[in-house]
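Summary of the model geometry
Read off the chains here:
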Amino acid sequence: MGTLDGKAAIVTGGGGLLGAEFSRALAREGARVLVNDVDAERAEAVVQKIQASGGEAVVDVRSVDSWDGAGEMVAHGLDVFGRVDTLVTCAHQTRFGAIWKLREKDYDATLDVHLKGHFACVHHASRAMVEQGSGSIVTVCSRALNGLPGVSTYAAAKGGILSATFSWALELADHGIRVNAINPAAQGDEETATRHMRWHWDFSIDKVGWTEPVPTAASVAPLVVYLACDDADWITGQVLFLSGDTLALLRHPREERFGFKPDGWSLEDLQRYFKDTVGASLEMPGMDVPRYPWYDGVKG
Ligand SMILES: NC(=O)c1ccc[n+]([C@@H]2O[C@H](COP(=O)([O-])OP(=O)(O)OC[C@H]3O[C@@H](n4cnc5c(N)ncnc54)[C@H](O)[C@@H]3O)[C@@H](O)[C@H]2O)c1
């Protein structure tokens, strides 16, 4: 008996590093899985592995960057399995380039797969889930949403997915549908993978991927399975991180330092008081957490 017996899942980008692990982990717990990926070979390989282990899975090769494609993918899942209990959105591609080098087609390509892809898939899957009165949606963010030089399109898409996840969680709670995001960190090479999650990386413009080893994708999968389980029916609107030895919760972005002046703040007030009040808490953007470096001014 698996924890997800009788449930049906859709995993987009299911042939990729994380999507493949998530698909297999969901299937191991008894879910029937639609493995979506534009790379048919990758998706087929995942489906074959699931079937070889006695699980049930089907391939879907539609692109999630189109509203209709996402709709047809969800319809395919409904057709084969009769329901959709879980949606996990892993479809991914990134174009690198600092903002002054960015081309419109790079912007479109990244935002379409990530942000529009999330909207399209969640729209269609949530329609089915609203009719069912239940469902668990796991969106896929990234710590890049804190700011990642050279990949601002990707970072922006992830920030958009984060805000949308919070909104969807609020919209869908009354329908028995949960929406949470995961922030993964994973690599495919099991030989060099670490067990311990490191929190500091040397990222710089034009560098692709992790510059230091991180844990495996398999170490992230239990979180997705847990969020799909009925045990997690009280968890929604959260952004969770799991990689290797580290489980973490992302704080919701809310104002946390306040300065009050009954008559409001004039330019002179800001010039006089800003630095010692709210200004004393400025943080460096980005995935690392070093000291704020610009107290003496931003210099070219
Ligand atoms: N790997 C990490 O460390 C890491 C870190 C942070 C966030 N993420 C996020 O996790 C998700 C999965 O990442 P990954 O490392 O497994 O990526 P991956 O590149 O290994 O897999 C992505 C898969 O998506 C497929 N795909 C691309 N465009 C598609 C489309 N239009 N429709 C359907 N499928 C499409 C690709 O063919 C590929 O198989 C992404 O959202 C990524 O941003 C990954």
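Residues numbered from 1 in each chain as written. Predicted model: local features only at pLDDT ≥ 70, side-chain atom pairs only at ≥ 80, totals over all residues. Heavy atoms only, no water.

Here we take up the overall build of the protein. Along the backbone of the protein there are 7 helices and 8 strands. Over its C-alpha trace the protein gives a radius of gyration of 21 Å, about what one expects of a compact globule, namely 19 Å for 300 residues. Each principal axis of the C-alpha atoms in the protein carries an extent, and together these give about 70 × 45 × 40 Å. Looking at the protein as a whole, 45% of its 300 residues are labelled buried. Looking at the protein, you have 28 positive and 40 negative side-chain charges, and the mean spots of the two groups are 5 Å apart. (Helix = DSSP H or I, 4+ residues; strand = E, 2+ residues; numbered from the N terminus. Rg over C-alpha atoms; globule rule 2.2 N^0.38 Å. Buried < 20%, exposed > 50% of the residue type's maximum accessible area, 1.4 Å probe, protein only. Lys, Arg positive; Asp, Glu negative; His and termini not counted. Charge placed at Lys NZ, Arg CZ, Asp CG, Glu CD.)

To continue, consider the state of the cysteines. Scanning the entire structure with this criterion turns up 0 disulfides. We note that C121 lacks a disulfide partner, and the nearest cysteine sulfur, in C90, lies 11 Å from it. What makes C121 buried here is its relative accessible area of 1%. (Disulfide = S-S within 2.5 Å.)

With that settled, the discussion passes to the nonpolar core. Ranked by size, the top nonpolar core spans 36 residues in total, and within it F22, L26, V88 and I182 carry the most contacts. Going through the elements one at a time, β1 (8-12), α1 (17-28), β2 (32-36), α2 (40-52), β5 (135-140), α6 (221-228) and β7 (239-243) are the ones with two or more residues in this core. Ignoring anything within four residues of it in the chain, the contact list for L26 reads L4, A9, V11, A31, V33, V88, V225 and A228. Ranked by size, the runner-up nonpolar core spans 26 residues in total, among them A70, A120, V122 and I137. (Core = buried A, V, L, I, M, F, W, Y, C linked by side-chain atoms within 4.5 Å. Contact = heavy atoms within 4.5 Å.)

Pairing within the open sheet is mixed, and its 8 strands lie in the order β3-β2-β1-β4-β5-β6-β7-β8. Two strands bound the open sheet, and with one partner strand each, they are β3 (57-60) and β8 (246-249). Strand-to-strand, the axes of this sheet are offset by a mean angle of 20 degrees, without reference to chain direction. Each of β2 and β3 is contacted by α2, which is oriented at about 175 degrees to β3, the strand it contacts most. Along the sheet, helix α5 (residues 152-172) contacts β5, β6 (177-183) and β7; its crossing angle with β6, the most-contacted strand, is approximately 160 degrees. (Pairing = 2+ DSSP bridges. Axes fitted to C-alpha atoms, helices over the stretch in contact; angles between N-to-C directions.)

Next up on the list: the domain arrangement of the protein. In many analyses, interface size is given as the accessible surface area lost on bringing the parts together. The domains assigned to the protein are domain 1 (8-249) and domain 2 (255-300). One C-alpha centre belongs to domain 1, the other to domain 2, and the line joining them spans 35 Å. (Domains from an automatic or database assignment.)

Further remarks concern the side chain of S23. Looking at where S23 falls in the secondary structure, it is placed in helix α1. Take S23: its relative accessible area is 0%, and that puts it in the buried class. Among the polar contacts listed, one links the side chain of S23 to the backbone oxygen of G19, at a separation of 2.8 Å. Excluding its chain neighbours within four sequence positions, the residues that come into contact with S23 are V11, G14, V33, V35, V46 and I50. (Polar contact = N/O pair within 3.5 Å; in protein donor to acceptor, adjacent residues only side chain to side chain.)

Packing of helix α3 (residues 67-81) against helix α4 (residues 104-132) leaves a shortest axis separation of 8 Å and a crossing angle of 35 degrees. Crossing of α3 against α4: the hand is right-handed. Here W67, A70, G71, M73, V74 and L78 of α3 lie close against α4, whose contacting residues are K116, F119, A120, C121, H123, H124, A125 and A128. Across the contact of α3 with α4, the residue classes break down as 10 nonpolar, 3 polar and 1 charged. (Left-handed = near helix turned anticlockwise from the far one by under 90°. Nonpolar A, V, L, I, M, F, W, Y, C, P; charged D, E, K, R; others polar.)

Turning to the side chain of T89, a few remarks are in order. Looking at the secondary structure, you find T89 in strand β4 (residues 86-89). Among the polar contacts made by the side chain of T89, one reaches the side chain of H118 at a distance of 2.7 Å.

We now examine the pattern of salt bridges. A side chain with one charge can pair with a side chain of the opposite charge if their charged atoms come near. Considering all chains together, one arrives at 10 salt bridges under this definition. Salt-bridge contacts for R62 lead to D60; the nearest nitrogen and oxygen are separated by 2.4 Å. By relative accessible area, which is 30% here, R62 ends up partly exposed. (Salt bridge = Lys/Arg side-chain N within 4 Å of Asp/Glu carboxyl O.)

So, about the site of the ligand. The local shell around the ligand holds 28 residues, among which L18, D37, R42, Y154 and A186 are the closest. Take K158: an N or O atom from its side chain is 2.8 Å from an oxygen atom of the ligand. Contact between the ligand and A186: an oxygen atom at 2.8 Å from a main-chain N or O atom of the residue. Considered on its own, the ligand offers 830 Å² of accessible surface; in the complex 87% of this is hidden by protein. Elements represented by at least two residues in the shell around the ligand include exactly α1, α4 and α5. In terms of residue class, the shell around the ligand is built from 14 nonpolar, 8 polar and 6 charged. (Near = heavy atom within 4 Å. Areas by Shrake-Rupley, 256 points an atom, 1.4 Å probe, with all protein chains shown as cover.)

Owing to its 3.6 residues per turn, the α-helix aligns residues three or four sequence positions apart on the same side. Its 12 residues place the ends of α1 17 Å apart at the C-alpha level, agreeing with the 16 Å of an ideal helix rising 1.5 Å per residue. Burial analysis of α1 places 9 of its 12 residues in the buried class, the great majority of the element. Within the span of α1, buried status applies to L18, G19, A20, E21, F22, S23, A25, L26 and A27. Summarising the contacts, the buried residues of α1 are in contact with β1, β2, α2, β4, β6 and α6. (Expected span 1.5 Å × (residues − 1).)

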